Amino acid sequence: MRTAFLSALCAASLSACAQSPAPADDATPGAATEAAAKAPTASVQTTPGTPEDRARQAIESINPKIAIDRIGPAPLPGFREVIVGGQVLYITDDGRYLLQGGLYDVAEKRDLGQASLAAVRKKLVDAVPEAERIVFAPANPKYTVSVFTDIECGYCRKLHEDIAEYNKRGIAVEYLAFPRQGLGSPDFNAMVSVWCSPDRKRALTDAKAGKRVPPRTCDNPVTRQYELGQRIGLTGTPMILAEDGTQMPGYLPPDALLAALQALSAAPTRHDVPAAGG
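Residues numbered from 1 in each chain as written. Predicted model: local features only at pLDDT ≥ 70, side-chain atom pairs only at ≥ 80, totals over all residues. Heavy atoms only, no water.

Before going further, it helps to examine the overall build of the chain. When helices and strands are counted, the chain shows eleven helices and ten strands. Each of the 278 residues in the chain was classed as buried or not, and the buried ones make up 47%. A separation of at least 24 residues holds for 69% of the contacts in the chain among residues at least 6 apart in sequence. Summing over all exposed atoms, the chain offers an accessible surface of approximately 13700 Å²; the carbon and sulfur share of this is 53%. (Helix = DSSP H or I, 4+ residues; strand = E, 2+ residues; numbered from the N terminus. Buried < 20%, exposed > 50% of the residue type's maximum accessible area, 1.4 Å probe, protein only. Contact = heavy atoms within 4.5 Å. Areas by Shrake-Rupley, 256 points an atom, 1.4 Å probe, with all protein chains shown as cover.)

The subject of this paragraph is the sheet that holds strand β2 (residues 79–84). Taken in spatial order, the four strands make up an open sheet running β1-β2-β3-β4, and their pairing is antiparallel. Strand pairing shows two members of the sheet lacking a second neighbour, β1 (68–73) and β4 (98–100), which therefore form its edges. Between one strand and the next, the sheet's axes are offset by a mean angle of 25°, whatever the strand orientation. (Pairing = 2+ DSSP bridges. Axes fitted to C-alpha atoms, helices over the stretch in contact; angles between N-to-C directions.)

Its twelve residues place the ends of helix α4 (residues 51–62) 17 Å apart at the C-alpha level, agreeing with the 16 Å of an ideal helix rising 1.5 Å per residue. Taken together, the buried positions of α4 are Glu52, Asp53, Ala55, Arg56, Ala58, Ile59 and Ile62. (Expected span 1.5 Å × (residues − 1).)

This part covers the environment of proline 179. Tracing the chain through its elements places proline 179 in the loop between β9 (171–177) and α8 (186–195). As for proline 179 and threonine 223, which are separated by 44 residues in sequence, their C-alpha atoms are 8.9 Å apart. Not counting chain neighbours up to four residues away, the residues in contact with proline 179 comprise Asp150, Asp187, Phe188, Met191, Val222 and Tyr226.

The next subject is the pattern of salt bridges. With the rule as written, the count across this model stands at 16 salt bridges. The partner of glutamate 152 in a salt bridge is arginine 157, and the shortest N-O contact between them spans 3.7 Å. In this structure glutamate 152 comes out as partly exposed when scored by relative accessible area, which is 41%. For arginine 157, a relative accessible area of 23% puts it in the partly exposed group. One salt bridge in this structure joins arginine 202 and aspartate 206, with 3.3 Å as the shortest N-O distance. With arginine 202 and aspartate 206 both in helix α9 (residues 200–208) and four residues apart, this pair spans about one turn of that helix. (Salt bridge = Lys/Arg side-chain N within 4 Å of Asp/Glu carboxyl O.)

Time to look at unusual backbone geometry. Glycine aside, residues mostly have negative phi angles, and peptide bonds mostly take the trans form. At the junction of threonine 237 and proline 238, the peptide bond is cis and its omega measures out at 0° in the coordinates. Looking at the secondary structure, you find proline 238 in the loop between α10 (222–231) and β10 (239–241). With phi around 60°, lysine 109 is a residue other than glycine that occupies positive phi space. Relative to the helices and strands, lysine 109 resides in the loop between β5 (104–105) and β6 (110–111). The class of lysine 109 is exposed, set by a relative accessible area of 57%.

Our focus in this paragraph is the side chain of serine 193. Along the chain, serine 193 turns up in helix α8. Setting aside residues no more than four positions away along its own chain, serine 193 makes contact with Val213, Pro214, Pro215 and Arg216.

Evaluation of the coordinates by the stated rule reveals one disulfide. The side chain of cysteine 196 participates in a disulfide bridge whose partner is cysteine 218; the two sulfur atoms lie 2.0 Å from each other. Handedness of the cysteine 196-cysteine 218 disulfide follows from its S-S torsion of about -90°: it is left-handed. Here cysteine 218 lies in the loop between α9 and α10 and cysteine 196 lies in the loop between α8 and α9, a separation of 22 residues in the sequence. Judged by relative accessible area, which is 12%, cysteine 196 ranks as buried. (Disulfide = S-S within 2.5 Å.)

With respect to topology, four strands assemble into an open sheet ordered β7-β9-β8-β10, the strand pairing being mixed. One side of each edge strand has no neighbouring strand; the edge strands of this open sheet are β7 (134–136) and β10. Between one strand axis and the next, the sheet turns through 25° on average, direction left out of account. Contacts between α8 and the sheet are confined to β7, β8 (143–149) and β9, with β9 contributing the most and set at about 130° to the helix. In the packing of helix α11 (residues 254–266) onto the sheet, the strands contacted are β8, β9 and β10, and the crossing angle to β8 comes to about 120°.

To continue, consider the pairing of β1. Of all six residues in β1, five are buried; the element is thus mostly enclosed. Judged from the five bridges that link them, β1 and β2 form a sheet pairing that is antiparallel. Paired with isoleucine 68 across the bridge in β2 is valine 84. Between β1 and β2, which follow one another and run antiparallel, lie five residues, and glycine 78 among them has a positive phi close to 85°.

In the predicted model, the chain carries a mean pLDDT of 85, and 81% of its residues have values of at least 70. Confidence drops under pLDDT 50 across residues 11–40; counting only partners more than four residues distant or on other chains, this segment forms 51 contacts. (pLDDT = per-residue confidence, 0-100.)

If you want it as structure tokens, here you go:
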């Protein structure tokens, strides 16, 4: 049973269970230094004897190194809601049983865990300084999205080809790095060169067009952003997040993204996320 739980939890949490590729032997010094950087760790504190504490102990008994981003009341009586690696888990208040998967409200036609998950994503992504992003924005944006991107990804390139069209529709695009080949890979080193370029917007545009970007190294956020993507459950690029942390369904053309953001903005607020405690 312990092995089954561990396997399930590893499958759900790339940030906790999947090891990134080791830096390549010919990785540039700057990339190697950045690859060794530490990702921010979760700091969930619980009070001994509480359901939250038992939930934390249950997760840590499966994987003591896992980063827990939230423990709080669940919409299901007798359970705590736990968020790890961009996934929502439900643990009984005695800490014995764990449920993995969506909790769907049939009457309201919605997944009850998505509000908590979006709140966690928003908190983590909002902590990334604007200076560490590559931003393409109109003068007065109506909407802002954070996009985890890779320079080799076909749909990432397709999105960037229309960056002017997104901006014309009032959408600001703030890029974060997610080199899909892993830390220390040629893809990683190329993205470090982009982020270290004196003109990062031009360098990113060139890289996504298949042009060579001169190799550069510097103090850069590529590893931190890659690990952040893993931590919030990124499974493919581009990962597009609205300002409230809601994840868009993969790549969307300009008109479709605008319609999705308008619908999200017009949607009534359902329920506040229960406060985490313990």
